[in-house]
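# A look at the structure
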Amino acid sequence: TRAILNMVAHNVMVRYSNLKIVVPHCGSFLPNALPRFKGLLPVMIAQGYMQAVDVDANISRLYFDIAGAATPDVIKSLLTITEPSHILYGSDYPYAAASALKGAKKSLESSIPSLGLSLQSVFTDNAKALFNN
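### Regarding helix H7 (residues 119–132)
- Between its first and last C-alpha, H7 extends 19 Å over 14 residues, near the 20 Å set by a 1.5 Å rise per residue.
- Roughly 45 degrees is the biggest bend found in H7, and it falls at Asp125.
- Along H7, the positions that sit buried rather than exposed are Val122, Asn126 and Leu130.
- Capping the start of H7 is the job of one residue whose side-chain oxygen sits 3.3 Å from the backbone nitrogen of Gln120: Ser118.

### Points about helix H1 (residues 2–9)
- Within H1, the full set of buried residues consists of Ile4, Leu5, Val8 and Ala9. Each buried residue of H1 lies within a common arc of 140 degrees when the element is viewed along its axis, so the set occupies one face. Across H1 from its buried face, at more than 90 degrees, point the exposed residues Arg2 and Ala3.
- Residue Asn11 follows H1 closely and has a positive phi angle near 60 degrees.

### Some thoughts on the sheet that holds strand S3 (residues 87–88)
- Read across the open sheet, the three strands follow the order S1-S2-S3; overall the sheet is parallel. Since the sheet does not close on itself, it has two edges, and those belong to strand S1 (21–23) and S3, each with one partner.
- In terms of strand pairing, strand S2 (residues 62–65) meets S3 through two bridges, oriented parallel. Bridge pairing in S3 links Asp65 to Leu88.

### A look at the nonpolar core
- Within the largest apolar cluster, 31 residues are counted, with the highest numbers of intra-cluster contacts made by Ile4, Leu30, Phe37, Val55, Ile59, Leu62 and Ile66.
- Listed by contribution, the elements that provide at least two residues to this core are H1, helix H2 (12–15), S1, helix H3 (30–46), helix H4 (55–59), S2 and helix H5 (72–78).
- The element best represented in this core is H3, accounting for five residues.
- In this view, Leu30 contacts Thr1, Ile4, Leu5, Ile59, Leu62, Phe64 and Ile81; residues no more than four positions away in its chain are not counted.

Quick notes on the rules
Residues numbered from 1 in each chain as written. Predicted model: local features only at pLDDT ≥ 70, side-chain atom pairs only at ≥ 80, totals over all residues. Heavy atoms only, no water. Helix = DSSP H or I, 4+ residues; strand = E, 2+ residues; numbered from the N terminus. Expected span 1.5 Å × (residues − 1). Bend = angle between axes of the 7 residues up to and from the residue. Buried < 20%, exposed > 50% of the residue type's maximum accessible area, 1.4 Å probe, protein only. Polar contact = N/O pair within 3.5 Å; in protein donor to acceptor, adjacent residues only side chain to side chain. Arc of directions from axis to C-beta. Pairing = 2+ DSSP bridges. Core = buried A, V, L, I, M, F, W, Y, C linked by side-chain atoms within 4.5 Å. Contact = heavy atoms within 4.5 Å.

Put into structure tokens, the structure is as follows:
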């Protein structure tokens, strides 16, 4: 989260628009920290600590994997800062046990459609679109 906010503060994603960044674990704390960052940005600019940046333009260029504890509530939170086409399946394999990964994937398969997301998009199409460009 801190690294991404630092990149936003320096306008990295806008300046290097061909850069493809996948933020792991549903963006970690980013969905919670981003509103605070946006709220403090005018104060930081007024004090001369930062230059003006387009936060939304920077964030719109990020992609997010749903490895880790991707519960429906966590994914809903992620959807407050990104669009469905920027959400990618991630598993943490080989660092997590295969049995745990199978259970987590099965849980995602039942919860993703209830969030208005397409299983085909999250598990396949979004990554194909990102990496084939």
